[in-house]
Amino acid sequence: ELNNIEEEETISLPEEFISLCNRRLPRTSQKALAYLKGRGIGKEEILRWKIGYCYNGDYKGRIIIPSFGMAGYANFFIARSYSGEWMRYKNPQVSRNIIFNELYVDWDKDIILVEGVFDAIRAYSIGSSIPLLGSTLRVESKLFQSMVRHDPKVYVALDDDAEYKASSIAENLMRYGIETYFINTSGYEDIAEMPREVLEIRKEEATVMNSNNYLFQKIRSL
């Protein structure tokens, strides 16, 4: 039986946060926009994901991608360096037991589970993409419980080097009767680097997981 989840925390975005959704942007935004463009992220994605940046402060030189809970408050954010800082990610020290951008998740669509937020931005075109903020998914987590409650089709699309963890996630999902598919991500460093047309094809060709091919997938990932 699934356990209850405590209410999630809410946080404030950095004081220095500058939204890239504004029509008029300061000159300091040029490097941030150039970084996003280099990753295939344009105005449409910036607006959808409420992306901003910090030019100074604790998160200086970082792209900020916020997450919003059901009440509309921020509960997490990703801070990714765009200026060559030695630490690529510098995220807030708060609980990660959230559904990233739960406010915008459409449970009537296919759910695409990916590792990071940039993966989720790329996968949004093929479903309601949710980043795990890692490569594991605990049964007692808020995300897992919500998937059991809403019972969507779930596509697991973790990085190629996390195949064993992806198989473990699929096993738990199947155990709770969730229709689960496995997207082949080989040949790319991560989903964020995969062209959208390739991702769409691989979703169409995704393997439906069942007790027979799950064992094969588990052995293959060892």
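Quantities reported herein were computed from a predicted structural model and do not represent experimental measurements. (Residues numbered from 1 in each chain as written. Predicted model: local features only at pLDDT ≥ 70, side-chain atom pairs only at ≥ 80, totals over all residues. Heavy atoms only, no water.)

A. Layout of the sheet that holds strand E5 (residues 111-114). The strand order across the open sheet built from five strands is E6-E5-E7-E8-E9, with neighbouring strands paired in mixed fashion. Strands with a single pairing partner mark the edges of an open sheet, and in this sheet they are strand E6 (128-131) and strand E9 (207-208). This element, helix H5 (residues 163-175), spans E5, strand E7 (154-156) and strand E8 (180-182) of the sheet and lies at about 165° to E8. (Pairing = 2+ DSSP bridges. Helix = DSSP H or I, 4+ residues; strand = E, 2+ residues; numbered from the N terminus. Contact = heavy atoms within 4.5 Å. Axes fitted to C-alpha atoms, helices over the stretch in contact; angles between N-to-C directions.)

B. Summary view of unusual backbone geometry. The backbone of leucine 133 shows a phi angle near 60°, a positive value even though the residue is not glycine. Residue leucine 133 is classed as buried on the basis of its relative accessible area of 17%. One non-glycine residue, aspartate 151, lies in the positive phi region at around 55°. Counting through the fold element by element, aspartate 151 comes out in the loop between helix H4 (142-150) and E7. (Buried < 20%, exposed > 50% of the residue type's maximum accessible area, 1.4 Å probe, protein only.)

C. Structural detail: the state of the cysteines. Inspection of every chain in the model, using the stated rule, returns zero disulfides. Cysteine cysteine 21 remains unbridged, with the sulfur of cysteine 54 as its closest cysteine sulfur at 14 Å. (Disulfide = S-S within 2.5 Å.)

D. Representation of the nonpolar core in the model. Of all hydrophobic cores here, the largest spans 34 residues; its most connected members are Leu36, Ile51, Ile63, Ile65, Phe100, Phe118 and Ile121. Of all the secondary structure elements, the ones that give two or more residues to this core are helix H1 (30-38), helix H2 (43-49), strand E3 (62-68), strand E4 (74-81), E5 and helix H3 (117-123). Top element by residues in this core is H3. It accounts for five residues. Ignoring anything within four residues of it in the chain, the contact list for isoleucine 65 reads Trp49, Ile51, Phe77, Ile78, Phe100, Val117, Phe118 and Ile121. Among the nonpolar cores identified, the runner-up in size contains 22 residues, and Val105, Phe144, Leu158 and Ala166 belong to it. (Core = buried A, V, L, I, M, F, W, Y, C linked by side-chain atoms within 4.5 Å.)

E. Expanded view of the packing of aromatic side chains. For the structure shown, the criterion picks out seven aromatic pairs. Ring centres of tryptophan 49 and tyrosine 124 lie 6.1 Å apart, and the angle between their planes is 80°; on these two criteria the pair is classed as edge-to-face. Within this pair, whereas tryptophan 49 is found in helix H2, its partner tyrosine 124 is found in the loop between H3 and E6, the two being separated by 75 residues in sequence. Note on tryptophan 49: relative accessible area 5%, which makes it buried. Ring geometry for phenylalanine 68 and tyrosine 104: centres 6.4 Å apart, planes at 85°, overall edge-to-face. Taken together, the residues span a long stretch of sequence, with phenylalanine 68 in strand E3 and tyrosine 104 in the loop between E4 and E5 at a distance of 36 residues. In this structure phenylalanine 68 comes out as buried when scored by relative accessible area, which is 15%. Geometry around phenylalanine 118 places arginine 39 over its ring, the cationic atom sitting 4.1 Å from the centre. (Phe/Tyr/Trp six-rings, centres within 6.5 Å; stacked < 30°, edge-to-face > 60°. Lys NZ or Arg CZ within 6 Å of the ring centre and 35° of its normal.)

F. Here's a closer look at the pattern of salt bridges. Applying the stated criterion across every chain, the model contains seven salt bridges. Among the salt bridges present, the one from arginine 48 reaches glutamate 44, with a minimum N-O distance of 3.0 Å. On the criterion of helical spacing, the pair formed by arginine 48 and glutamate 44 is a turn pair, its members being four residues apart in helix H2. On the accessibility criterion, arginine 48 (29% relative accessible area) is partly exposed. Across the pair aspartate 110 and lysine 203 runs a salt bridge whose closest N-O atoms are separated by 2.7 Å. A residue pair is termed long-range when its members are at least 10 positions apart, and aspartate 110 in the loop between E4 and E5 and lysine 203 in helix H6 (residues 196-204) qualify at 93 residues. Residue class for aspartate 110 comes out partly exposed when judged on its relative accessible area of 22%. When its relative accessible area of 16% is taken as the criterion, lysine 203 is described as buried. (Salt bridge = Lys/Arg side-chain N within 4 Å of Asp/Glu carboxyl O.)

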